[in-house]
Amino acid sequence: MALVPCQVLRVAILLSYCSILCNYKAIEMPSHQTYGGSWKFLTFIDLVIQAVFFGICVLTDLSSLLTRGSGNQEQERQLRKLISLRDWMLAVLAFPVGVFVVAVFWIIYAYDREMIYPKLLDNFIPGWLNHGMHTTVLPFILIEMRTSHHAYPSRSSGLAAICTFSVGYILWVCWVHHVTGMWVYPFLEHIGPGARIIFFGSTTILMNFLYLLGEVLNSYIWDTQRSMEEEKEKPKLE
């Protein structure tokens, strides 16, 4: 039996994301006042994705609790739709975007933090909030993947969805630059047009890879779990 029920974990994670978002929005940074506001940053978009995802998880848990034993076919049908939405959102957005934000942020930060998170931001964003935005996303999504089985969509539709998201965000970043003359991320100022095209293409490929990684990891976790349960159910030899 789990030390903490998964339903309680989801509520706690949802509340933590709400706290992080509220604290982040309360910070008066110059970049929040410019065109696009917080929505031009993938970190903020990811926080919204994670909060909405865990909100759907909590809603699914509540619906499951209320539907259990009711025998109401309409409620069960609505619950199945909610579960499908939850699973789709984890597969297409929560896992690949969340892992992308954590991995890319800390890789660039380790190379040269001024390229992604200038030291000036330490005057606005406390360390715990930085980790809430760029670190805890990964363990939270892995906990969810480990505690509940999620049915992935067909590979073609899943990859098409994550490609659409990736290209959409790249176009949004380019549009912000077109309007303001400034790139959202400082390192984009220091590379040429060809290098930017390569970078944008590479990020789209990485997003697709992370989608496939999530699919493989989900199958591995639950295939292993199923094998362990079947092993336990086998009669022991005398």
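Thresholds applied
Position labels on residues start from 1 in each chain and follow its written sequence. In view of the model being predicted, local features appear only for residues whose pLDDT reaches at least 70, and side-chain atom pairs are presented and counted only at 80 or more, with totals across whole chains, interfaces and linings using the full set of residues. Note that water and hydrogens are dropped before the side-chain values are worked out from all heavy atoms of the structure. UniProt positions are given in the numbering used here, feature names are shortened, and annotations may be inferred rather than shown by experiment. Salt bridge criterion: a side-chain nitrogen from Lys or Arg within 4 Å of a carboxyl oxygen from Asp or Glu. Remark: exposure states derive from per-residue accessible area (1.4 Å probe, protein chains only) relative to the maximum for the residue type, with buried under 20%, exposed over 50%, and partly exposed in between. Cavity means a closed set of points on a 1 Å grid over the protein atoms alone, one where a 1.4 Å probe fits but cannot get out, pocket means an open set with protein on both sides within 12 Å along at least 5 of 7 lines, and lining means a residue has an atom within 4 Å of a point. Grid points are joined across faces, edges and corners, and a volume is the space filled by probe spheres set on the points. Only runs of H or I of at least four residues qualify as helices and only runs of E of at least two qualify as strands under DSSP, and these elements are numbered from the N terminus. Side-chain rings of Phe, Tyr and Trp (the six-membered ring for Trp) are treated as a pair once their centres are within 6.5 Å; stacked means planes under 30 degrees apart, edge-to-face means over 60, and tilted covers the remaining angles. Throughout, a contact is declared for two residues whenever any of their heavy atoms are within 4.5 Å. What makes a nonpolar core is a set of buried Ala, Val, Leu, Ile, Met, Phe, Trp, Tyr and Cys residues whose side-chain atoms join them at distances within 4.5 Å.

By the naming in an unreviewed UniProt entry, the protein is Androgen-induced gene 1 protein isoform X8, taken from Ursus maritimus. The protein has a UniProt comment under Sequence similarities (unreviewed entry) that states "Belongs to the AIG1 family."

**Overview of the pattern of salt bridges**
Where charged atoms from two side chains of opposite charge approach closely, those side chains can pair. In this structure the tally under the stated criterion is five salt bridges. The closest approach of N and O atoms between D87 and R86, which form a salt bridge, is 3.0 Å. Here D87 and R86 have matching classes, each one buried. Close ionic contact of R155 with E215 constitutes a salt bridge, the shortest N to O distance being 2.5 Å.

**Overview of the layout of surface pockets**
Estimated volume of the largest pocket: approximately 1,000 Å³. Every residue lining the largest pocket is counted, 44 residues in all, and those nearest its centre are F41, I116, V184, Y185 and P186. Broken down by secondary-structure element, the contributors of at least two residues to the lining of the largest pocket are helix 2 (42–67), helix 3 (73–112), helix 4 (127–134), helix 6 (155–180) and helix 7 (193–233). The element that contributes the greatest number of residues to the lining of the largest pocket is helix 6, accounting for seven residues. The calculated volume of the second largest pocket comes to roughly 240 Å³.

**Examining the packing of aromatic side chains**
Tallied over the full model, the rule gives 17 aromatic pairs. An angle of 80° between the planes, with centres 5.6 Å apart, marks the rings of F105 and Y117 as edge-to-face. Of the two residues, F105 sits in helix 3 while Y117 sits in the loop between helix 3 and helix 4, which places them 12 residues apart along the sequence. Taken individually, F105 and Y117 each receive the classification buried, so the pair is uniform in this respect.

**A few points about the environment of I170**
Counting through the fold element by element, I170 comes out in helix 6. Judged by its relative accessible area of 14%, I170 falls in the buried class. Apart from the residues within four sequence positions on either side, I170 is in contact with F200, T203 and T204.

**Digging into the environment of S16**
Tracing the chain through its elements places S16 in helix 1 (residues 6–26). Its relative accessible area of 22% is what places S16 among the partly exposed residues. In the structure, S16 is positioned 116 residues away from G132 in sequence and 8.4 Å away in space, judged by C-alpha atoms.

**Some points on the nonpolar core**
Of all hydrophobic cores here, the largest spans 64 residues; its most connected members are Y17, L42, V97, F165 and Y185. The set of elements that each furnish at least two residues to this core consists of helix 1, helix 2, helix 3, helix 4, helix 5 (137–147), helix 6 and helix 7. Looking at this core, the element that brings in the most residues is helix 3, giving 16 residues. The residues contacting Y185, other than those within four sequence positions of it, are K40, F41, L42, M115, I116 and Y169.

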